[in-house]
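Structural description and commentary
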Amino acid sequence: MSVAMFRRRSSDHVDAGQLSAYRKAMGSHIERIEVLCDTASEIADDLRRRSREPDEIAERLAKAESELDDIALSIAEQLAPEPLRALHAEFDANLERALRGVVTIERGCGLTRMPHASIYDEGPQAYWKRGYLNIIHAQMRMREIAEVLYAWKVGAPAEASVAGRVHQIGA
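Parameters at a glance
Position numbers for residues start from 1 in each chain and track the written sequence from start to end. Owing to the predicted nature of the model, reporting of local features is limited to residues with pLDDT of at least 70; listing and counting of side-chain atom pairs is limited to 80 or more, with chain, interface and lining totals taken over all residues. Side-chain calculation: all heavy atoms of the structure are included, whereas hydrogens and water are not. Helix and strand labels come from DSSP, where a helix needs a run of H or I of at least four residues and a strand needs a run of E of at least two; each type is numbered from the N terminus. Three exposure classes are used, based on accessible area relative to the maximum for each residue type with a 1.4 Å probe and protein chains only: buried under 20%, partly exposed in between, and exposed over 50%. For this analysis, a salt bridge means a side-chain nitrogen from Lys or Arg found within 4 Å of a carboxyl oxygen belonging to Asp or Glu. To get an axis, a line is fitted to the C-alpha atoms, and for a helix only the part in contact is used. The angle between two axes follows their N-to-C directions and goes from 0 to 180 degrees. Any angle between 65 and 115 degrees counts as roughly perpendicular, while under 35 counts as roughly parallel, over 145 as roughly antiparallel, and the rest as oblique. Left-handed describes a crossing in which the near helix is turned anticlockwise from the far one by less than a right angle; the clockwise case is right-handed. In the scheme used here, Gly and all other residues not listed as nonpolar or charged are polar, with Ala, Val, Leu, Ile, Met, Phe, Trp, Tyr, Cys and Pro taken as nonpolar and Asp, Glu, Lys and Arg as charged. Side-chain rings of Phe, Tyr and Trp (the six-membered ring for Trp) are treated as a pair once their centres are within 6.5 Å; stacked means planes under 30 degrees apart, edge-to-face means over 60, and tilted covers the remaining angles. A ring has a charge above it when a Lys NZ or an Arg CZ is no more than 6 Å from the ring centre and no more than 35 degrees off the ring normal. Only buried residues count toward a nonpolar core. Its members are Ala, Val, Leu, Ile, Met, Phe, Trp, Tyr and Cys residues joined through side-chain atoms within 4.5 Å. We call two residues contacting when some pair of their heavy atoms lies within 4.5 Å.

1. What about the overall build of the protein?
- Within the protein, the regular secondary structure consists of 5 helices and 0 strands.
- In sequence order, the protein lays out its α and β elements as α-α-α-α-α.
- The 171 residues of the protein split such that 37% are buried.

Structure, rendered in structure tokens:
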């Protein structure tokens, strides 16, 4: 006699309490990430426009890096519900990209401290521009992912792509 056993996929069931706790924990992180990314991109923009000196902003930039690093560690340790794990990993990767952008800006500031260096040199300007763009692009992608994480419903695809958004709209 043969018996067929059907197992329910673990990704089909998500505990509402677990999902709520996950969203609540991510919400506080996302708000703080927004503020820190805005601060770092504003600093980079000021440096690029030469409206601030690198020594003026060193402390604010170091503080932003430290806080982003702490948040990145916290998010990396956080366990997302099974269907959202890929999005969570992508969010974490983009947070790391924003953090690399901050470090890149700091490297540009470090170049200005070298003997005979100036904020008008091309080297620091290139680092500030690259760091600024990394932060802005990572921040934009994290917003898209966060929107999907908050709007996701059980059974729906957990996708933060254009195709996923079109599917959600039903177009």
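2. A closer look at the pattern of salt bridges
- If you walk through the whole model with that rule in mind, you get 9 salt bridges.
- Here Glu67 and Arg32 are joined by a salt bridge, their closest N and O atoms 2.7 Å apart. Note that Glu67 is positioned in helix α2 (residues 54–77) and Arg32 in helix α1 (residues 16–48), a separation of 35 residues in sequence.
- Residue classification places Arg32 among the partly exposed residues on the basis of a relative accessible area of 32%.
- Linked through salt bridges whose partners overlap, the residues forming this network are Asp45, Arg48 and Arg49.

3. Regarding the packing of helix α3 (residues 85–112) against helix α4 (residues 122–151)
- One way to put it is that α3 packs onto α4 with a least axis distance of 8 Å and a crossing angle of 160 degrees. Here α3 is positioned roughly antiparallel relative to α4, judged by the angle of their axes. The handedness of the crossing between α3 and α4 is left-handed.
- Its residues assigned to classes, the contact of α3 with α4 shows 19 nonpolar, 9 polar and 5 charged.

4. With respect to unusual backbone geometry
- Positive phi, normally seen in glycine, also occurs at Arg50, with a value near 65 degrees.
- Residue placement: Arg50 occurs in the loop between α1 and α2.

5. Points about the packing of aromatic side chains
- Here the structure, examined in full by the defined rule, presents 0 aromatic pairs.
- Just above the ring of Tyr132 sits the side chain of Arg48; from NZ or CZ to the centre is 4.8 Å.
- The cationic tip of Arg130 hangs over the ring face of Tyr127; the distance from NZ or CZ to the ring centre is 5.5 Å.

6. Quick word on the nonpolar core
- By size, the foremost hydrophobic cluster in this structure holds 39 residues, and its most contacted members are Ile33, Leu61, Leu84, Phe91, Leu95 and Met142.
- Listing elements by their share of this core, those giving two or more residues are α1, α2, α3 and α4.
- A per-element tally of this core places α1 first, with 11 residues.
- In this view, Leu84 contacts Leu19, Tyr22, Leu149, Trp152 and Ala158; residues no more than four positions away in its chain are not counted.

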